[in-house]
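Chain by chain, the residues run as shown.
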Amino acid sequence: MKKILVSLTAVSICLVACGKESDFKKAINEKISKAPVCLNVSSDSIDGSYTNDDDLKKLKAKTAGAYVISQHYDEAGKNSDYSPEQTKNKFVQLDSLTGAGLLTKSTESLVTYSVWGEKKANGFYKYTIYTLTDAGKATAAKVETNSMSAMFGDTGQRIFCYAHPMVEQIENYTEADNSGYHMAEVKYSYKYVDVADWINKAGVKEAFPVIAKTLDDTDKTSKTTLVKTNNGWSTDL
């Protein structure tokens, strides 16, 4: 009889713990599912100093929402780029996304004019324009932002998102009461799911080493604090 009681007690404890860990997973997944991993791709502004104002306005309107690489050439055709390696890297990244079908590529140019004396052409701006395709637009995601980043204009809109984390296992947890709340400190392991096919297209992982660094990281663990509410466990403290 004692053995039976001990066995039943062990089963009950296991059921409670397993049920609680399942609730933890649910609460954490609700949070981290809103935190996809996305590429950070920079774009130049349409800087058209000493160009025709009307032409500049039209080009800005035409390229709204596009990624742009701006290069200035003098009247002899010499590129006045002060950071050629940085520009080269931008081309590598954006060209790889073009090859993956997320962008289309085109060019535009604006003539520049001398500032003093007779209005005379003395060079030009070349703009390489990368426009999102439907496949590129489909990589967009909305992420949660904190009040500080929102204050600086971060809307939480992201593009070129390629995976999101999901809890794989609850490693351990401790519970305690704090200021009238029942809380749990939880350590969990996670994996990445819904990994986009386009990251495996030629040149993408080479252009963005962060992809392999993120997906292949051997330490996929994290910690979070949960609070018990009337609706279960929550990450919102």
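Above: the structure in question.
Values in this document were obtained by computation on a predicted structure and should not be read as measured data. (Residues numbered from 1 in each chain as written. Predicted model: local features only at pLDDT ≥ 70, side-chain atom pairs only at ≥ 80, totals over all residues. Heavy atoms only, no water.)

A. Examining helix α3 (residues 84–99) more closely. In this model α3 runs 22 Å from its N-terminal to its C-terminal C-alpha over 16 residues, within 8% of the 22 Å that 1.5 Å per residue would give. Of all the positions in α3, only T87, K90, F91, Q93, L94, S96 and L97 are classed as buried. Turning to α3, the residues buried within the fold contact β2 (67–74), β3 (103–113), β4 (121–132) and α6 (204–207). Among the residues trailing α3, G101 stands out with phi positive, at a value near 90°. (Helix = DSSP H or I, 4+ residues; strand = E, 2+ residues; numbered from the N terminus. Expected span 1.5 Å × (residues − 1). Buried < 20%, exposed > 50% of the residue type's maximum accessible area, 1.4 Å probe, protein only. Contact = heavy atoms within 4.5 Å.)

B. Looking closely at the nonpolar core. One finds L39, L97, F160, Y162 and W198 to be the most contacted residues of the largest nonpolar core, which totals 37 residues. Elements with a minimum of two residues in this core: α1 (2–32), β2, α3, β7 (161–178), β8 (181–193), α6 and α7 (210–215). Contact partners of F160, with chain neighbours within four places excluded, come to V37, C38, L39, V41, Y67, L97, L102, L103, L132, T139 and W198. Of all hydrophobic cores here, the second largest spans nine residues; its members include L56, L110, Y125 and I129. (Core = buried A, V, L, I, M, F, W, Y, C linked by side-chain atoms within 4.5 Å.)

C. Just the sheet that holds strand β10 (residues 232–234), in detail. Taken in spatial order, the five strands line up as β1-β7-β8-β9-β10 in an open sheet, and their pairing is antiparallel. Of all strands in the sheet, those bounded by a partner on one side alone are β1 (37–38) and β10. Relative to β8, β7 runs antiparallel, the two sharing 13 bridges. When the sheet's bridge partners are listed, N178 is paired in β8 with Y181. (Pairing = 2+ DSSP bridges.)

As far as function goes, none of this settles anything; it's purely spatial.
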